[in-house]
Every structure is written in C-alpha cells, then in structure tokens.
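Descriptive structure summary
So the chains spell out like this:
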Amino acid sequence: MNRALSSNLGYPRIGGGREWKKALEAFWAGKLQETELVSRMEEIRLNHLRTQQASGIDLIPVNDFTFYDHMLDTAAMFGLVPGRFGYEGGEVPLSAYFAMARGSEGAPACEMTKWFNTNYHYIVPELNGAEPQLTVNKPLLAYREAKLRLGIEGKPVLIGPYTFLKLSKGYKTEHFDKLLERFVPLYARILSELEQEGAQWVQIDEPILATSLTEADMERVAFVYKKLHEAAPRLKLMLQTYFDAVDLYEQIVTLPVQGIGLDFAHGLDKNSEHLLQYGFPADKRLGVGLIDGRGIWRSDLDARLRLLHTLSPIVPYERMMIQPSCSLLHVPVTAAHETKLERTLRNALAFANEKLEELVLLTRAVNEGPAAIAAELEQSRQAVQELNASPSRNNERVQSETSRIALQPSERSRPFAERRAVQQSKWNLPFLPTTTIGSFPQTLEVRQARKHWRSGEWSQEQYEAFIREQIRTWIALQEELDLDVLVHGEFERTDMVEFFGEKLDGFAFTSNGWVQSYGSRCVKPPVIYGDVEFTKPMTVDETVYAQSLTAKPVKGMLTGPITILNWSFVRDDIPRETVAYQIALALRREVEALERAGVEMIQMDEPALREGLPLKREDWQKYLEWSVLAFRLATSTVKDTTQIHTHMCYCEFHDIIDSIRALDADVISIETSRSHGELMHSFEEHTYDHGIGLGVYDIHSPRVPSVDEMVRMIDRALAVLDPELFWINPDCGLKTRGVDETIAALRNMVAAAKQYREQS
Ligand code: GLN
Ligand code: ZN
C-alpha cells in the first residue's frame, strides 16, 4: 500500500533516567563487569526500540545506539584504532574503544570536536595511513537484534562515507580520493549484507551535504553512491542530510538512491524553494524533516500540515516520509516528568517521545485526512497558543525596549585608543598586568555547601557566610600571590549560564531535560521560554564584598548574551537575534549596577560566541553582526574609565578576528596554550589593537608549569603583539583544578611576569 510513512532518524541514548550514563560511569569506576555493562546496554537499547514501537512510528532507526559516540563506532567498525592503543586487528575490544575516547596510561585520547553546529561532540577518527577493514557489520547486528528480539523491521542508520572521511583527520587532502576508493568497498559490503539479510530501508547520514560543497565534492559523492547502489540494488537508501539546506540540490536529487532526506526546520526556506523550483524525481521518497529535532517545543502542527500541502503537488503524500529534521539525540527523552514546571510551559514542551507522537499524528493526518486527528490537533494548537498568549511572552516593557534597539547606545562614548589613556592613568597597572579568568577551585567543600543550601539543610545566611569566607580566603591568597587584578572566585555559581538564568525573568529549569554533550557527559540547558528581563542585581553583593577586602581592583564577572543564548534551549516563536538583544539589555542593567556600586572592571565572558556560527560561510556575517551588537548593547553604556574585559575559550580566531575586534572590549583573554602556534600565526596576519591576554598555561591539566615555560610563552606572544597591551593570565577559569596546583601555577605565573618586567 502506498501511503506516507513516519520515520525517526535517531533516538537519544542516555535514557529517561540517564541509566546509560550511570551504567557507563559505573563500568569505568570498576563497579560493573564488562558483561554486566553489555547486558545493561542491551536492555537500554531494547527499551528504546520498544518505546518507539509503541509510539507507532513506521520506520524505527537501529544502529543509532552507541556505547559512547557514533563516529567512534564507525571508526572502530573499520578497525581505525591509532597505534598508541596497542590494537592488533579484529573486532575492537571495549578497552581500546574506551581508551580512544578517554585516553589510557601513556596514550592520550583521540581529539573530540563539535558535531557540526550542535553542542554534541564526537571523537575525531585518526586515519594516519591505517588500512581500513570491516571488523564487524554493526548495522547488520543491530538490524538482526531488533527483528529477532522485538519483531521490528528496523532501519539501519550509518554515517555515510563522505561525511565520515571529511570529519576524520590524519590524511592529506590530495589523498582523499584514494581513501574514498578504499572505504567504498567496505560500505558496499555492509549494504550488500544488509540486503541479503532482508533489510528494506537504510538511512545513510551525510550531513556534510548541508555544508558548502564544491562541484568536485559533488562528483565524488556521485561516484560513491553509484558504487553503493550497484552493490545493493534492491536496498532502499535514504540519503539523509540535516542541520541546513543542501546547496547542490539538483545534483543531489539525481543520485541513485531511493530517498532524499532534507531538513525543513533549519533549511526550510531554501529547501522548499529548491523543491518548488526544480521539482523532485518521481522514483524517490522525500524525507520531510519538519519536526525540529533540536528544539524542545511542540510544533505548530497546522503550519506543518500546510507545508506538506504546499509540497504535495511536487511530491505526492504517498511518497513522503514524515520525520524529524535530524536525530533526536539532541533533545531530552520525555517531557512527561516535568511536573514541577508551570502547566502552560509544560504543555508546550515536546522532547523526543512527544516528537514521535507529533510525527505519527502528522502522518495520520496526511494518510487519513486532518479530521482523523482533529482532537489532538486542537489540543496541540491550544497548548502553543496558551504559551504565546501568556504574560511571560507579552512583557510590554521588554518588547518595547528591544524594539528600539536602533536607538539604543551600542558604542562606547570614546574609541579604544582614547579610553586606553584614561584607563591607564586611572588603574595604574604595571607593565604586563597579571590576572585570572574568574573561577577558583570548586572544591568538595564548596560543592557540598551548595548541596546543603539547595536541600534546605543550610539557611540562606549560613550559605552566604560560607561564600564570603571563600571570597576572603581567595582575596587574601591573590594578594599574597601579588596578582594585579583580582576576582571574587565564582564560588556561588555552579554553572555560568544557569546562575544568571535563575535570576532573570523568562528562564525555566527542567528536572530532567538532559542531553548528551559528549560521552557520558550530559548537560541540562536552561529553557528560555519568555521575554528575558532583569529583576534584581545578580553579582553585585559578592563582587562588592570582594572589593571591600582589597585595594587592588576586583573584576566583576558576567556571562555574555551570546553564550547564555547558545547554551540554552531557546523559544522558537521569535528570532534568536531578538532573544539575544533581550538578554543583552538585561545584562546591561547588571553592568550598570556593578558600575554604580564602584566595580569598574567588568568581564563579560563569551566562550560560546564561535559555537553559534552557522554551518554555511555565507550566513556567518549576519550572525556575527547581531552577536557583536548584543555584546555591545550590554557593555557600551559604561564610563570611559570603566574597563570591559571579555574571555573566549578557543583559539580559532583568525576567521572571526574582525568581529572580535568589533566587540570593542578593552581587554580580551583567550585560550592558547594548547594550540599556541596556530593563534600566533593568526596575529602575524592580522593586527589586534586592544588589550589582550593569551593564556600562558593550560588549565585543563593538573601539571604545574615552570616559570621558564611561561616566560617562553610570553616571549612568543610578544613577538607578534604589542607588549603595552599584553596581559598575563591562565587559559581559562580554574574551577576544575585542585587548590594546591592552582596556587603553585599562579605563583609561577606571577614570577614569570616579574622576571619579564625586570628584563625589559
Ligand atoms: N569566568 C568563567 C570561569 O572562570 C569563564 C569560564 C569559561 O570560559 N568557560 O570559570
Ligand atoms: Zn574559558
């Protein structure tokens, strides 16, 4: 029977109670045997399949499950284990698999990096001349398991060869074609074995097709898919793209596959335009990714049905697959347990399980007519409308202020060159001033104090007294170390976004909204559901207290608007840009409150600025423009003498250096120690003419660097940067470090600065 099918692209691994994470961590801690881990994982995997089966989804993905990361799985499947892990061929043992992810004695872990523009991180495969082989047909095993254990005709999911190789490292670009030729037969074998086994649909993920590709890339992709089709002509391949629209649409739809999956959440305009303009081949299914796989909100189902209707003259309903825009691994498992949230908000949430319901509903509407789901449609409509109509989304004050952005000051009253002179005479800092990035060690004691306070065991007064005691200790320590610009230490904060979210209007916090960030690490992003508004000073008390203890300047410490935005789940009824401005205006109130209270050095961290960059280069400018504007809205109303600092945790700097300069922060500190060379290189090509501190030691390691080592780092930096603008600081915040190593490292850092001052 020909009808529209509902399809899922991937299900979260972590489990509703994070049982996946718990099992892994118990195993790593030696509390679980390998066989127990394997059987728990199997149980979790089967449960996830059962949930999807019960939801009524037609095509249930298999092989999307993993013990750590799906890129790592693919590398392991091909036996791509770097030499340092002592692997000797055959199926990769769990010990080597985890060693690649986490490192082992004497063998550093493989690199980890962001999965496209998401907050998920994958393990980067290292090729380095290794001879790939098919050590196990993992998709086949997953297919068999679902069929034999649960009678599910699963849809195996695998990362396509083009994306896999493009995301790998350890080869020269000129060898790319050779490599591709080596991998294609392995993929061909996987597919032909699946075909023999009786598999119907197979989903091949090629998100790389949604980035900017060249015609030459496209020729290679055509070669790959021709070969794969020849290897398994009866298998139905769904070539799945996501995270943006595809540029080379016309070529992509002619590839010899039976389905093309497009993202109609993040690439809506362009993908629909292409479809209407160029049509869609009559022999293929269209995977309509119309439920946002990265957002947590219920969909406007009417709008989705209208979209399907618009597309239907080009692709008849019976050739559609109704699916999420990408794997649901980017959203929490279920909203069913969010009973602590206000009802209106809770009703408007859709996590993975609720999204499956939406997919099934939309598919029914298409197959049986919208009347078949009239009641559910009405319920969903009401939930969305109620939240939209709620006071939290209709804050007149915030909206009118935000709408007057163009009239808001977003420039300091004088340019940096002039501010520099007045700031120098005000602050009177030594040559090469020393400072830190903000946080000091969050010891067990600090974490326990917070627990006591949260559980009500400690009163507010008790907790505040404890925080003050920490501040006192660390101000004294910083004075003893003879740092020039001090910080209060951030002891009152668990997390640099949550802390602010809890104090601003428009934010909510879920009980169980966890998503995987990397490996077993999960994060629970705040939810920005309403208009964001400043309600009360957030950091003034602690900062003013710290300042009262010392004659040296104490920097106020804030998180910037773009980082708050990029590390939250953001409402989807207004543009992200608008939300960024709302946050910026709220932060401006905090900046002004600090300044009024006499705190006249203020750092606003933007470690996540780069993370929000769109996938396609052509879209960067727009994002960077509004991001820079948001930062400036938040920081530009201060006096000339007030010194604005910012901090970023990455060194790929060169391609956004103009925007970073445009932030117009008086001082920026950036991470460098891990890829010093790269950053130095960017300063050889671009000038940076504001204050700048390059991390002179790596805070990610407990090792205490020597004075000499740091002197050498400073030497190298000063070869390309103006010494008069240079600051000396560690790479990043010190909250994850131990107390003793922190003190020892800072002592050496200050000694290095002094040695340098004496030399020059
Ligand atoms: N001020 C923050 C800290 O020191 C900065 C953290 C970050 O850059 N991620 O912890
Ligand atoms: Zn940092």
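Starting from 1, residues in each chain are numbered consecutively following that chain's sequence as written. Here chains are named by letter from A upward and ligands by number from 1 upward, in the order in which they appear as written. Totals for whole chains, interfaces and linings use every residue, but because this is a predicted model, local features are given only for residues with pLDDT of at least 70 and side-chain atom pairs only at 80 or more, for both listing and counting.

All residues are tested the same way: a C-beta atom is placed from the backbone, and lying within 6 Å of a molecule or strand makes the residue near it. Near ligand 1 you find 13 residues, and of these Ile 437, Gly 438, Ser 439, Pro 607 and Gly 733 are the closest. Gly counts as polar in this scheme, as do all residues outside two lists: the nonpolar Ala, Val, Leu, Ile, Met, Phe, Trp, Tyr, Cys and Pro, and the charged Asp, Glu, Lys and Arg. Within the shell around ligand 1, the residues separate by chemical class into 6 nonpolar, 4 polar and 3 charged.

A few words on the sheet that holds strand 14 (residues 527-533). When DSSP finds two or more bridges between two strands, those strands count as paired. Think of it this way: any DSSP run of H or I at least four residues long counts as a helix, any run of E at least two long counts as a strand, and we number them from the N terminus. Reading across the sheet, the 3 strands line up as 11-14-16 and stay open at both edges, with mixed pairing between neighbours. Every other strand in the sheet has two partners, leaving strand 11 (505-508) and strand 16 (569-570) as the edge strands with one partner each. Of the pairings in the sheet, the one linking strand 11 to strand 14 comprises 3 bridges and is antiparallel in character. When the bridges of strand 14 are listed, Ala 508 appears paired with Val 527. Strands strand 14 and strand 16 of the sheet are contacted by helix 22 (residues 576-596), whose axis makes an angle of about 55° with strand 14. Whether two residues are in contact depends on their C-beta atoms, placed from the backbone: they are in contact if these lie within 7 Å. The axes are straight lines fitted to the C-alpha atoms, using for helices just the contacting stretch, and the angles between their N-to-C directions are given from 0 to 180°.

Here we come to the packing of helix 1 (residues 19-28) against helix 2 (residues 34-55). Viewed as axis vectors pointing N to C, helix 1 and helix 2 meet at an angle of 175°, and their least axial separation amounts to 10 Å. With respect to helix 2, the element helix 1 is oriented roughly antiparallel. Contacts between helix 1 and helix 2 involve Glu 19, Trp 20, Ala 23 and Phe 27 from the first element and Leu 37, Arg 40, Met 41 and Ile 44 from the second. Of the residues assigned to the contact of helix 1 with helix 2, the class counts are 6 nonpolar, no polar and 2 charged. Should an angle fall under 35 degrees it is taken as roughly parallel, and over 145 as roughly antiparallel, whereas 65 to 115 is taken as roughly perpendicular and any remaining angle as oblique.

Before going further, it helps to examine the UniProt feature "binding site: Zn(2+) 1" (unreviewed entry) in the protein. UniProt positions are given in the numbering used here, feature names are shortened, and annotations may be inferred rather than shown by experiment. Taking the UniProt record as the reference, the feature "binding site: Zn(2+) 1" (unreviewed entry) is found at His 647, Cys 649, Glu 671 and Cys 732. Spanning 86 residues, the named residues form one tight spatial group whose C-alpha atoms are at most 8.4 Å apart. Of note, Cys 649 is situated in the loop between strand 18 (643-648) and helix 24 (657-662). Given 21 C-beta atoms within a 10 Å radius, Cys 649 is considered buried. Beyond its immediate sequence surroundings of up to four residues, Cys 649 is in contact with Pro 607, Glu 671 and Cys 732. Along the chain, Cys 732 turns up in the loop between strand 21 (726-729) and helix 27 (739-759). The class for Cys 732 is buried, based on 24 C-beta atoms found within 10 Å. Beyond its immediate stretch of four places on either side in the chain, Cys 732 contacts Ile 437, Cys 649, Glu 671, Gly 695 and Ile 699. In this scheme the burial state of a residue depends on its C-beta neighbours within 10 Å: 20 or more other such atoms mean buried, 12 or fewer mean exposed, and anything in between means partly exposed; the C-beta positions come from the backbone.

This part takes up the environment of Ile 564. One can find Ile 564 in helix 21 (residues 561-566). In this structure the C-alpha to C-alpha distance between Ile 564 and Ala 586, which are 22 residues apart in sequence, comes to 12 Å.

Another aspect to go through is helix 26 (residues 707-720). Here helix 26 contains 14 residues, and its C-alpha end-to-end distance of 21 Å stays within 8% of the 20 Å for a straight helix at 1.5 Å per residue. Residues Met 710, Met 713, Ile 714 and Ala 717 constitute the buried set of helix 26. When helix 26 is viewed along its axis, its buried side chains cluster within an angular range of 95° and face the same direction. Of the residues in helix 26, the exposed ones pointing more than 90 degrees away from the buried face are Asp 708, Asp 715 and Ala 719. To estimate how far a helix should extend, the number of its residues minus one is multiplied by 1.5 Å. By arc we mean the arc of the directions from the helix axis to the C-beta atoms, nothing more.

Moving on, we come to the pairing of strand 5 (residues 155-159). With respect to burial, strand 5 is a largely interior element, 5 of its 5 residues being buried. Neither face of strand 5 is open: one carries Lys 155, Val 157 and Ile 159, the other Pro 156 and Leu 158, and all of them are buried. For strand 5 and strand 6 (residues 201-205), the ladder comprises 3 bridges, and the chain directions are parallel. Pairing of Val 157 across the sheet is with Gln 203, part of strand 6.

Here we have 8 strands laid out as an open sheet, ordered 1-10-9-8-7-6-5-2, and parallel in their pairing. Each edge of the sheet is formed by a strand with only one pairing partner; in this case those strands are strand 1 (5-6) and strand 2 (61-62). For strand 2 and strand 5, the ladder comprises 2 bridges, and the chain directions are parallel. Paired with Val 62 across the strands is Pro 156, a residue of strand 5. Sheet strands in contact with helix 13 (residues 352-368) are strand 1, strand 9 (285-291) and strand 10 (320-324), and its direction is about 160° off that of strand 10.

Take the packing of helix 26 against helix 27 next. Close contact between helix 26 and helix 27 brings their axes to 8 Å; oriented N to C, the two are set at 55°. Here helix 27 runs oblique to helix 26, going by the angle between their axes. Of the two possible hands of crossing, helix 26 and helix 27 adopt the one that is right-handed. Only Asn 748, Met 749, Ala 751, Ala 752, Gln 755 and Tyr 756 of helix 27 make contact with helix 26, whose side of the interface consists of Val 707, Met 710, Val 711 and Ile 714. The crossing is said to be left-handed when, going from far helix to near helix, the turn is anticlockwise and less than a right angle, and right-handed when the turn is clockwise.

Right, let's talk about the UniProt feature "binding site: L-methionine" (unreviewed entry) in the protein for a bit. Sequence positions flagged by UniProt for "binding site: L-methionine" (unreviewed entry) are, in local numbering, Ile 437, Gly 438, Ser 439, Glu 490 and Asp 605. Across 169 residues of sequence, these annotated residues stay compact in space, with a maximum C-alpha separation of 12.9 Å. Mapped onto the elements of the fold, Gly 438 is located in the loop between helix 16 (416-427) and helix 17 (444-454). Considering the arrangement of structural elements, one finds Glu 490 in the loop between helix 18 (460-481) and helix 19 (498-501). Once you skip the residues sitting within four places of it in the chain, Glu 490 turns out to touch Gly 438, Ser 439, Met 557 and Lys 735.

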